[in-house]
Amino acid sequence: MNGNRPGDIRNFAIVGHAAAGKTMLAEAMLMCSGTIHRMGAIAPGTTVSDYHVGEQQRHISIHGTPLNCEWQGRRFNFIDTPGYLDFSSEAINALNVADFALVVINASHGIGAGTELMWEYATNYGIPKIIVVTGLDKEKVDFDGLLADVRSRFGAAVFPLQVPMDPGPGFHQVLDVLRSEVVSYAADRSGKYKEELAQDSWKEKVHVLHQGLVEHIAESDNALLEKFFAEGGLPEDVMRTGIHPAVQQQVFVPLLCAAGETNVGVARLMDFIAKYGSSPDDRQTVGATAADTGEACLVRLAGAEPVAYVFKTLTDPQSGDLSFFRVYSGAIRPGMELYNSERRIVERCGQLYRLNGKLRTQVEVLTAGDIGAAVKLKDTHTGNTLCDARHAIVLPKVNYPTPYTQASLKLNAPGDEEKLAAGIAALHEEDPAFTYHTDPEIHQFLIAAQGELHLEVLFERLKRRYKVDVSLEQPKIRYRETIRARGEARYRHKKQTGGAGQFAEVWLRVEAGPRDSGLSFTQTLAGQDVDRIFVPSVEKGVKTLSQEGIHAGFRVTDVKIEFYGGKMHPVDSKDIAFQIAGYFAFREAFQGARPCLLEPIHELEIKVPEEFVGRVVGDLSSRRGKILGMDVNGRLQVVRAHVPAAQLYRYGSALRSLTGARGLHSEKFSHYEELAPDQEKKLVADYQAARAAGTAGHNHTH
């Protein structure tokens, strides 16, 4: 087989919650197809897809790893994706280039937050879903209960094409609804099986299910439905031709059964994918925009010009960078010149490969619909489009969830700033799901990731790959200072030196402004006591101090300042004198107006299975949180709360351990609120001690 016809290609992403069994399912597929001759395992780190150092150390998937094999004359390009929500961007990238999602649900863990998230993304991308229930060889498996759960969450379109006959340790028999037969798998993990007709009560059960399947398929198409009623059923061949379109329209979501570790049920799952799974033919066009005009256009599968989307880049110190891409139109060959429409440069294509983990197979061409990789494109990054320079277009980029887990990166070796900047930029090109910036207010270099684990992995890569000596620290909290009362001050600045002197007198009134109003500076000078030319000087002095902080070293906000009078000297009054007088007049007026601290409050949305709600709410109140409300989203409860930012460092980890990794949260800044007096006292005391020691500044990490 050459596998070059789009109709013969099956591109799919294996997605689901953490520990659902995705990697072992992928391993079993490679085993069934003869791509590997011995199955690896997670604990010793011997699987094909988890080959990176971090994955082997942690026993989890961190990267979306492209794999491929041949099965029944079809080319399978599949991506084993991480289930941890910290690395959800890898799964989102994979779904973006897949023609369907293989959603893996573990029979003993049930539906997790990751399952829900991946379902949502696949739906948004408009690609069909096929469900595989794994882990049927584990203790205490309730298949019927799980099926009911899945249908209540994902709708009545979900229909079991297979039923496990002996779930639990030793599981090896599956009732095949499509063929009305029993499939028994060998115990040697070879994936081999034998088939026989169902007998006795199983015969009755499979008959009822088969009838249900026929009705399900008939309902997906009016012509089939008419035929069904006219003939009291559908002929087998007609029903089978109805399966593919019904899956495409998602009016039928097939559910199949397997156990990856023992390679049971995998071969028949692959048969189903080969026969009925989506191919690039099912999406003849994809939307894009013209690079020059920004107008919408379509990329056609049958088009002659090459168009490819880079969905992942990998930096490998041994073998150089790899760009993984899907070809949407035309063909790509080694030596070809391709135009990167986003970076507006021409790239020369080097060797082309198909990948199975770290194993590379060189290919001479990748045609429309196929997935592969090119080595060392000099300036092409994740999310870029490669095309013909005469028809420059841009394919839509992926939108990642907002990264809300922050840490401060501190350089341990001064002088390594350039190394750090280069390393972080390179990591960001590889993984755009995290962000980084220097925060001028708290003077820290902040990195925001999809979770604590994501942060740690980035941090390790930075140290291992780019040899940057850094440590991760808690980000400082952006407290603010304001006042509760009115205050007034008259400050005279007078300096007489050998030459010209300095003189300025400034009279200020201050009062509290509305919350979130910032600083408002006005002048109400009357008469000629102060030249209006000095108003900006006074304002500058006030603003300088408001940035430095007065009460505890934090930025001042929500204060109205009125410059209502003062005095000047015809010779000695100058800009600098009024800046200094404004600075100290503001300090005195502020200190006399009952200063207080404000703390940032974040709004959290937490999705958890019902049984964990009590724990989560209890934990929130221990963090000074206020519950705003609760809603139901399918089988998950959604808790909304306001929580002080100071209480949220590493909250993702806490939520994970409270909910057995089944909770999911998002957070955003909401507003500022007055800080409790006992906490304020501590911050003020810290600030004063630091000033006395001569190290004042923004040194609060509470």
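Up top is the structure these notes are about.
So, a few notes on the structure that sits alongside this text. Since the model is a prediction, treat every value here as computed from it, not as a measurement. (Residues numbered from 1 in each chain as written. Predicted model: local features only at pLDDT ≥ 70, side-chain atom pairs only at ≥ 80, totals over all residues. Heavy atoms only, no water.)

**Considerations on the overall build of the protein chain**
Note the cut-off: Secondary structure elements are taken from DSSP: a helix is a run of H or I of four residues or more, a strand is a run of E of two residues or more, and numbering for both begins at the N terminus. Only protein chains enter the area calculation, which uses a 1.4 Å probe; residues under 20% of their type maximum are buried, those over 50% are exposed, and those in between are partly exposed. The contact definition used throughout considers only heavy atoms, calling two residues in contact when any of these lie within 4.5 Å. Exposure was quantified through the Shrake-Rupley algorithm and a 1.4 Å probe, taking into account, for residues, occlusion by the shown protein chains and nothing else.
A count of helical and extended segments in the protein chain gives 16 helices and 38 strands. The 702 residues of the protein chain split such that 56% are buried. For the protein chain, contacts bridging at least 24 residues in sequence account for 72% of all contacts bridging at least 6. For the protein chain, the accessible surface area stands at approximately 29400 Å², while carbon and sulfur atoms represent 51% of it.

**Topic: unusual backbone geometry**
Notably, Q72 is not glycine yet its phi reads approximately 50°, a positive angle. With respect to the secondary-structure elements, Q72 resides in the loop between β2 (65-71) and β3 (74-80). A positive phi angle, near 60°, is found at R624, a position not held by glycine. For R624, the position within the fold is in the loop between α14 (613-622) and β36 (626-633). Note on R624: relative accessible area 31%, which makes it partly exposed.

**A short note on helix α12 (residues 535-548)**
To be explicit about the condition: Expected span of a helix, by definition, is 1.5 Å for each gap between consecutive residues, and there is one gap fewer than residues.
The terminal C-alpha atoms of α12 lie 20 Å apart, and with 14 residues this matches the ideal 20 Å at 1.5 Å per residue to within 8%. Buried within α12 are the following residues: V535, S537, V538, G541, V542, L545 and S546. The positive-phi residue at the C-terminal boundary of α12 is G549, with phi of around 90°.

**Section: the side chain of N340**
Filter applied, for reference: Definition of a polar contact: a pair of N or O atoms within 3.5 Å, with one able to donate and the other able to accept a hydrogen when the atoms are protein atoms, and with sequence-neighbouring residues admitted only if both atoms are side-chain atoms.
As for its placement among the helices and strands, N340 is situated in strand β17 (residues 337-340). Under the relative-accessibility criterion, N340 is labelled buried at 0%. Here E342 takes part through its backbone nitrogen, which lies 3.1 Å from a polar atom of the side chain of N340. Here T380 takes part through its side chain, which lies 3.1 Å from a polar atom of the side chain of N340. In contact with N340, other than residues within four places in its own chain, are I345, D379, T380, N384, T385 and L386.

**What about the state of the cysteines?**
Let me state the cut-off plainly: Cysteine sulfur pairs qualify as disulfides if the two atoms are within 2.5 Å.
The full count for this structure, using the stated rule, is zero disulfides. This cysteine, C349, is not joined by any disulfide, and C387 carries the nearest cysteine sulfur, 13 Å off. We classify C349 as buried; its relative accessible area is 5%.

**Description of the packing of aromatic side chains**
How we decide: Pairing of aromatic rings covers Phe, Tyr and Trp, the last counted by its six-membered ring, and requires centre-to-centre distances within 6.5 Å; plane angles under 30 degrees mean stacked, over 60 mean edge-to-face, and any other angle means tilted. The rule is short: NZ of Lys or CZ of Arg within 6 Å of the ring centre and within 35 degrees of the ring normal puts a charge over the ring.
Per the stated rule, a full pass over the model turns up 18 aromatic pairs. With a centroid separation of 6.4 Å and an interplanar angle of 40°, the aromatic rings of Y121 and Y125 are classed as tilted. For Y121, a relative accessible area of 15% gives the class buried. For Y125, a relative accessible area of 24% puts it in the partly exposed group. Its end group placed over the ring of Y353, R360 keeps NZ or CZ at 5.6 Å from the ring centre. Between R490 and the ring centre of W507, over which it is positioned, the NZ or CZ distance is 3.7 Å.

**What about the nonpolar core?**
Heads up, the rule is: To qualify as a nonpolar core, a set must consist of buried Ala, Val, Leu, Ile, Met, Phe, Trp, Tyr and Cys residues joined through side-chain atoms within 4.5 Å.
Counting residues in each nonpolar core, the largest one holds 124 residues, and the members touching the most others are M29, F78 and L102. Discounting chain neighbours no more than four positions away, the residues touching F78 are F12, I14, A26, M29, L30, T65, P66, L67, N68 and C69. If you look at the next biggest cluster of nonpolar residues, it comprises 28 residues, including F534, I550, V556 and F578.

**Quick notes on the sheet that holds β2**
Heads up, the condition is: The pairing criterion for strands is at least two bridges between them, as found by DSSP. Here, axes are lines fitted to C-alpha atoms. For helices the fit covers the stretch in contact, and angles between N-to-C directions go from 0 to 180 degrees.
An order of β2-β3-β1-β4-β5-β11-β6 is seen for the seven strands of this open sheet, with the pairing classed as mixed. Both outer strands of the open sheet, β2 and β6 (158-160), are each paired with one neighbouring strand and no more. In this sheet, neighbouring strand axes are inclined to one another by 25° on average, regardless of whether the strands run parallel or antiparallel. Across six bridges, strand β4 (residues 100-106) lies against strand β5 (residues 129-134) in parallel orientation. The residue of β5 that forms the bridge with I105 is V133.

**A word on the pairing of strand β19 (residues 352-356)**
Among the five residues that make up β19, five are buried, leaving the element largely enclosed by the rest of the structure. Burial of the side chains of β19 extends over both faces: L352, R354 and N356 are buried on one face and Y353 and L355 on the other. Where β19 lies against strand β20 (residues 359-363), five bridges are found, and the strand directions are antiparallel. Residue N356 lies in a different strand from β20, and its bridge partner there is L359. Counted along the chain from β19 to the antiparallel partner β20, the turn is two residues long, and its residue G357 has a positive phi close to 60°. With two bridges connecting them, β19 and strand β22 (residues 371-375) associate as antiparallel partners. Bridge pairing links L352 to A374 in β22.

**Things to note about the sheet that holds strand β10 (residues 193-197)**
Strand order in the open sheet formed by four strands is β7-β8-β9-β10, and the pairing between neighbours is antiparallel. Bordering the open sheet on either side are β7 (162-164) and β10, each of which pairs with just one other strand. This sheet shows a mean twist of 25° between the axes of neighbouring strands, independent of strand direction. Judged from the five bridges that link them, strand β9 (residues 181-185) and β10 form a sheet pairing that is antiparallel.

**Considering the environment of N222**
Structurally, the position occupied by N222 is in helix α7 (residues 222-231). Taking the relative accessible area as the measure of exposure, N222 reaches 60% and is therefore exposed. When the C-alpha positions of N222 and D149 are compared, they lie 29 Å apart, and in sequence the two are 73 residues distant.

**Considerations on helix α1 (residues 22-32)**
Counting buried positions along α1 gives eleven out of eleven residues, so the element sits mostly inside the fold. Every buried residue of α1 is accounted for by K22, T23, M24, L25, A26, E27, A28, M29, L30, M31 and C32. Positive phi appears at G34, one or two residues downstream of α1, with a value of about 80°.

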